[in-house]
Amino acid sequence: MSSDELGTLRSSGLVASVPVIRGTKVPLATLAEYLQSSKGAEQFLRHFPAVSEAQLQATLASAVGALIELRIRVPGLRSTDITDSTDAS
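Residues numbered from 1 in each chain as written. Predicted model: local features only at pLDDT ≥ 70, side-chain atom pairs only at ≥ 80, totals over all residues. Heavy atoms only, no water.

1. Here we look at the packing of helix α2 (residues 28–36) against helix α3 (residues 40–47)
Direction vectors running N to C along α2 and α3 enclose 140 degrees, while the axes themselves pass 7 Å from each other. Comparing their axes, α3 and α2 come out oblique. Remark: the crossing between α2 and α3 carries right-handed chirality. Contact residues: α2 offers Thr30, Leu31, Tyr34 and Leu35, while α3 offers Gly40, Ala41, Gln43, Phe44 and His47. Within the contact of α2 with α3, the residues separate by chemical class into five nonpolar, four polar and no charged. (Axes fitted to C-alpha atoms, helices over the stretch in contact; angles between N-to-C directions. Helix = DSSP H or I, 4+ residues; strand = E, 2+ residues; numbered from the N terminus. Parallel < 35°, antiparallel > 145°, perpendicular 65-115°, else oblique. Left-handed = near helix turned anticlockwise from the far one by under 90°. Contact = heavy atoms within 4.5 Å. Nonpolar A, V, L, I, M, F, W, Y, C, P; charged D, E, K, R; others polar.)

2. Here we look at the packing of aromatic side chains
For the structure on display, the rule yields three aromatic pairs. Summarising the aromatic geometry, the rings of Tyr34 and Phe44 are spaced 5.4 Å apart at their centres and angled 75 degrees between planes, so their arrangement reads as edge-to-face. Of this pair, Tyr34 sits in helix α2 while Phe44 sits in helix α3, and the two are 10 residues apart along the sequence. Across this residue pair, the class does not change: Tyr34 and Phe44 are buried. Seen from their ring centres, Phe44 and Phe48 are 4.9 Å apart, and the 35 degrees between their planes marks the pair as tilted. Given a relative accessible area of 22%, Phe48 falls into the partly exposed group. Ring pairing ties together the aromatic residues Tyr34, Phe44 and Phe48, which thus form one cluster. In this structure, Lys39 packs its charged tip against the face of Tyr34, placed 4.8 Å from the ring centre. (Phe/Tyr/Trp six-rings, centres within 6.5 Å; stacked < 30°, edge-to-face > 60°. Buried < 20%, exposed > 50% of the residue type's maximum accessible area, 1.4 Å probe, protein only. Lys NZ or Arg CZ within 6 Å of the ring centre and 35° of its normal.)

3. Describing the environment of Val18
Take Val18: it is sitting in strand β2 (residues 18–19). Residue classification places Val18 among the partly exposed positions, given a relative accessible area of 36%. When the C-alpha positions of Val18 and Ala29 are compared, they lie 8.7 Å apart, and in sequence the two are 11 residues distant.

4. With respect to the environment of Glu33
The topology assignment puts Glu33 in helix α2. Owing to a relative accessible area of 52%, Glu33 belongs among the exposed residues under this scheme. The spacing of Glu33 and Phe44 is 11 residues in sequence and 9.5 Å in space, taken between C-alpha atoms.

5. As for the confidence of the model for the protein
Parts of the model with low pLDDT should not have their predicted coordinates read in detail. Across the protein, pLDDT averages 76, with 63% of residues at or above 70. Looking across the protein, the model is least confident in helix α1 (residues 3–6), with a mean pLDDT of 48, and most confident in α3, with 94. Throughout residues 1–6 the model reports pLDDT below 50, and contacts reaching past four residues in sequence, or to other chains, amount to 10 contacts. (pLDDT = per-residue confidence, 0-100.)

Set out below in structure tokens:
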């Protein structure tokens, strides 16, 4: 399954007008709360078994890609920290 199939940030990733992780009903805001708190990704995955690790990674990659497209600066994130998944290795 490609990251496109797993990603979120699209209109098809909405439940009641709330952005969700694709294929689930888990709101992106919930993921953001976990990542901003001391809970982190591992605890998020334990609490939301409907979300696979691959879905989580694709969601985060999609979010970072959207930030880059919008040219939003993220404190502590350098452009060298980001790899383009479309680049051939």
